[in-house]
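This is what each chain is made of:
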Amino acid sequence: MLNEVLIIEKPTIKKEKIHSFDISGMVTISGDVNGIISISIPKSIALRIGSVILGEQIKIVGTELTDSIVNLINIIVGHAKHFINSKIQFSIPYVVVGKDRPIGIDPSIPLIIIPFKCGQGELALEIAIKNNITKKIKSESLSNTFVKSSSADVILPCYSCF
């Protein structure tokens, strides 16, 4: 869509539970896992994405841009659903405007940030997920599917589609 190569940087656990960049497209998830998934993007990249999706140049942060980012999140979530074998429901995507805005999650759930670099700059995937079925899954079955965090009941799905 944007003809950009994304380079994945090292994931880390973010101490401050705030968005990394100006525009964040988000979904909450519930079911076998609860939490949020957010793509946090600088304004310049968000405007470019919005312009490509809309087919005309967007110059300001407004309804056209936020609707475009919601469409992007719908595309990503729709694609991700094909790889998820759990009972998970996704909320309607929404957009948070403003860098350093708080991410409303349970303080006990770690916020994992996966930074990306591209020709236009940096962006981040922010994930905070609590597994509700840990006791039902044997730990050896997690080794190829999940990366375990320091908290025993929090896991991060690893998708090769990034």
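Report follows, based on the coordinates. (Residues numbered from 1 in each chain as written. Predicted model: local features only at pLDDT ≥ 70, side-chain atom pairs only at ≥ 80, totals over all residues. Heavy atoms only, no water.)

1. Considering the packing of helix α1 (residues 43-54) against helix α2 (residues 63-80)
Link 1 in the chain: Their axes nearest at 9 Å, the elements α1 and α2 cross at an angle of 80°. For the element pair α1 / α2, the angle class is roughly perpendicular. Across from Ala 46, Leu 47, Ile 49, Gly 50, Ile 53 and Leu 54 in α1, the residues of α2 making contact are Glu 64, Leu 65, Ser 68, Ile 69, Asn 71 and Leu 72.
Link 2 in the chain: Tallied by class, the residues present in the contact of α1 with α2 amount to 8 nonpolar, 3 polar and 1 charged. (Axes fitted to C-alpha atoms, helices over the stretch in contact; angles between N-to-C directions. Helix = DSSP H or I, 4+ residues; strand = E, 2+ residues; numbered from the N terminus. Parallel < 35°, antiparallel > 145°, perpendicular 65-115°, else oblique. Contact = heavy atoms within 4.5 Å. Nonpolar A, V, L, I, M, F, W, Y, C, P; charged D, E, K, R; others polar.)

2. Regarding the side chain of Ser 68
Link 1 in the chain: In this fold, Ser 68 is placed in helix α2.
Link 2 in the chain: Its relative accessible area of 2% is what places Ser 68 among the buried residues.
Link 3 in the chain: Those residues in contact with Ser 68 that lie beyond four places of it in its chain are Gly 50, Ile 53, Leu 54 and Ile 58. (Buried < 20%, exposed > 50% of the residue type's maximum accessible area, 1.4 Å probe, protein only.)

3. Structural notes on the pattern of salt bridges
Link 1 in the chain: This structure, assessed with the given rule, holds 1 salt bridge.
Link 2 in the chain: Note that Glu 126 is salt-bridged to Lys 14, the shortest N-O span being 3.7 Å. Taken together, the residues Glu 126 in strand β8 (residues 121-131) and Lys 14 in strand β2 (residues 12-14) connect sequence positions 112 residues apart. Across this residue pair, the class does not change: Glu 126 and Lys 14 are buried. (Salt bridge = Lys/Arg side-chain N within 4 Å of Asp/Glu carboxyl O.)

4. Quick word on the side chain of Ser 38
Link 1 in the chain: Turning to its location among the elements, Ser 38 is positioned in strand β4 (residues 33-41).
Link 2 in the chain: If we skip the residues at most four places from it in the chain, Ser 38 touches His 19, Ser 24, Gly 25, Met 26, Ala 124, Leu 125 and Glu 126.

5. Regarding α1
Link 1 in the chain: Between the first and last C-alpha of α1 there are 16 Å, a value that for 12 residues agrees with the 16 Å anticipated at 1.5 Å per step.
Link 2 in the chain: Within α1, burial applies to Ile 45, Ala 46, Leu 47, Ile 49, Gly 50 and Ser 51.
Link 3 in the chain: Following α1 by one or two positions, Gly 55 adopts a phi angle in the positive range, close to 85°. (Expected span 1.5 Å × (residues − 1).)

6. Observations regarding the environment of Ala 124
Link 1 in the chain: Note that Ala 124 resides in strand β8.
Link 2 in the chain: On the basis of relative accessibility, which here comes to 2%, the residue Ala 124 falls in the buried class.
Link 3 in the chain: A sequence separation of 86 residues divides Ala 124 from Ser 38, and the C-alpha atoms of the two residues are 8.1 Å apart.
Link 4 in the chain: Setting aside residues no more than four positions away along its own chain, Ala 124 makes contact with Ser 20, Phe 21, Ser 38, Ile 39, Ser 40, Ile 113, Ile 114 and Pro 115.

Just geometry here; none of it tells us what the structure is for.
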